[in-house]
Amino acid sequence: MLPVLGLCLAAASAAAQAGSADQAAAKQKIIVISHRGEHLHHPENTLPAFQAAIDAGADFFECDVRTTSDGKLILMHDSSVDRTTNGTGKVNHLSFAQIRALDAGSKFSQAFAGTKVPTFDEALELAHGKIGIYVDTKDADPKLLIDTIYRHHMEDHVVIYGDPFFLHDVEKLQPALRVMPEAENAEVCGSLVAHLHPKVIAYDADDFKPEIIACAKNTGAKIYVDRLDEMDNPSVWQQALDLGADGIQTNKPAELVEYLRARGQATHALSSGR
């Protein structure tokens, strides 16, 4: 009887461990990335949008970094200031003082009139101790970007997105930072993995296919996928999770956080995404 009892207990223990493993997998915490801050109700790439992302419970806000004509890192998605401010001209042809004098809020809503184009320094200062930053590098010197991140002690709370050549320079200068290339296709993904050894790989809607996803999974890299505009809804979020996404970039951070909380998959504090 005792050997039989022992076998039963062992089987019960194994079943319990398997159940715990399944439960742990089901409760994997998912990173929420707020695209350009919370920009459906706030002007994009501004401090109010980033604060709203923090308030929504996001793990990262995404911001777009560019360089002024006099070498200052500022936040702007487009190469020109025309769409989001009351000014005109290319960011890299304008001085910081010229860009700082612009209104980056009134085109969005008069409620935000007077909002300024922020510096990368200001975004890092706001984020410190509260949220991570997904740094979408449009135009920046790698050393200046790195030095700015380290000056604010945010090196453990950023992922850096950009073209592969830029990311190679970042990794060469500071291997500890997490660079995040875009998968694009299986061949490109394989090359990026071989040369950059990324801990995180970015996917947009076109990249997010089983054979390309496998590239990241086979190396243990985290997968951060865009789910924006018409794809930014619960059914598509769940499809992304089912395919193995570890993080989702969204225009609706509050809604995504709530969706994940209901499933026990939201994070509960500042997350570096490690």
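Residues numbered from 1 in each chain as written. Predicted model: local features only at pLDDT ≥ 70, side-chain atom pairs only at ≥ 80, totals over all residues. Heavy atoms only, no water.

- An unreviewed UniProt entry lists the protein chain under the name Glycerophosphodiester phosphodiesterase family protein, from Silvibacterium dinghuense.

**So, the overall build of the protein chain**
Link 1 in the chain: Along its length, the protein chain carries 10 helices and 9 strands.
Link 2 in the chain: Out of the 274 residues in the protein chain, the part that is buried amounts to 51%.
Link 3 in the chain: Across the protein chain, the fraction of contacts at a sequence separation of at least 24, relative to all contacts at a separation of at least 6, is 56%.
Link 4 in the chain: A total of about 12,700 Å² of accessible surface is found on the protein chain, and carbon and sulfur atoms cover 55% of it. (Helix = DSSP H or I, 4+ residues; strand = E, 2+ residues; numbered from the N terminus. Buried < 20%, exposed > 50% of the residue type's maximum accessible area, 1.4 Å probe, protein only. Contact = heavy atoms within 4.5 Å. Areas by Shrake-Rupley, 256 points an atom, 1.4 Å probe, with all protein chains shown as cover.)

**What about the confidence of the model for the protein chain?**
Link 1 in the chain: Per-residue pLDDT for the protein chain has a mean of 91; in total, 88% of the residues score no lower than 70.
Link 2 in the chain: Note on residues 4-12: pLDDT is under 50 here. Beyond four places in sequence and across chains, it has 0 contacts.
Link 3 in the chain: Note on residues 18-22: pLDDT is under 50 here. Beyond four places in sequence and across chains, it has 0 contacts. (pLDDT = per-residue confidence, 0-100.)

**Remarks on unusual backbone geometry**
Link 1 in the chain: Here the phi dihedral of Arg-36 falls at roughly 55 degrees; this positive angle occurs in a residue that is not glycine.
Link 2 in the chain: Looking at the element boundaries, Arg-36 is found in the loop between strand 1 (31-34) and helix 2 (47-56).
Link 3 in the chain: Residue classification places Arg-36 among the buried positions, given a relative accessible area of 13%.
Link 4 in the chain: Residue His-197 is not a glycine yet carries a positive backbone phi of 50 degrees.
Link 5 in the chain: Tracing the chain through its elements places His-197 in the loop between helix 7 (186-196) and strand 7 (200-203).
Link 6 in the chain: Classification of His-197 as exposed rests on a relative accessible area of 56%.

**Re the pairing of strand 8 (residues 222-226)**
Link 1 in the chain: Buried residues dominate strand 8, accounting for 4 of its 5 residues.
Link 2 in the chain: The sheet contact formed by strand 7 and strand 8 spans 4 bridges and is parallel. Looking at the pairing, Ile-201 lines up with Ile-223 of strand 8.
Link 3 in the chain: In this region the chain leaves strand 7, passes through helix 8 (residues 210-219) and returns to the parallel neighbour strand 8; the handedness of that crossover is right-handed.
Link 4 in the chain: The pairing of strand 8 with strand 9 (residues 247-250) spans 3 bridges and is classified as parallel. Residue pairing for strand 9: Asp-226 is matched across the bridge by Gln-249.
Link 5 in the chain: After leaving strand 8, the chain enters helix 9 (residues 234-242) and then returns to the sheet as strand 9, a path that is right-handed. (Pairing = 2+ DSSP bridges. Right-handed = clockwise from strand over helix to strand, strands pointing away.)

**As for the pairing of strand 4 (residues 132-137)**
Link 1 in the chain: Counting buried positions along strand 4 yields 6 of 6 residues, so the element is predominantly enclosed.
Link 2 in the chain: As judged from the 6 bridges shared by strand 2 (residues 60-67) and strand 4, these two strands associate in the parallel manner. Bridged to Cys-63 within strand 4 is Val-135.
Link 3 in the chain: Relative to strand 5 (residues 158-161), strand 4 is paired through 4 bridges, and the arrangement is parallel. In the strand pairing of strand 5, Asp-136 is matched with Tyr-161.
Link 4 in the chain: Considered for its hand, the β-α-β crossover made up of strand 4, helix 5 (residues 142-151) and strand 5 is right-handed.

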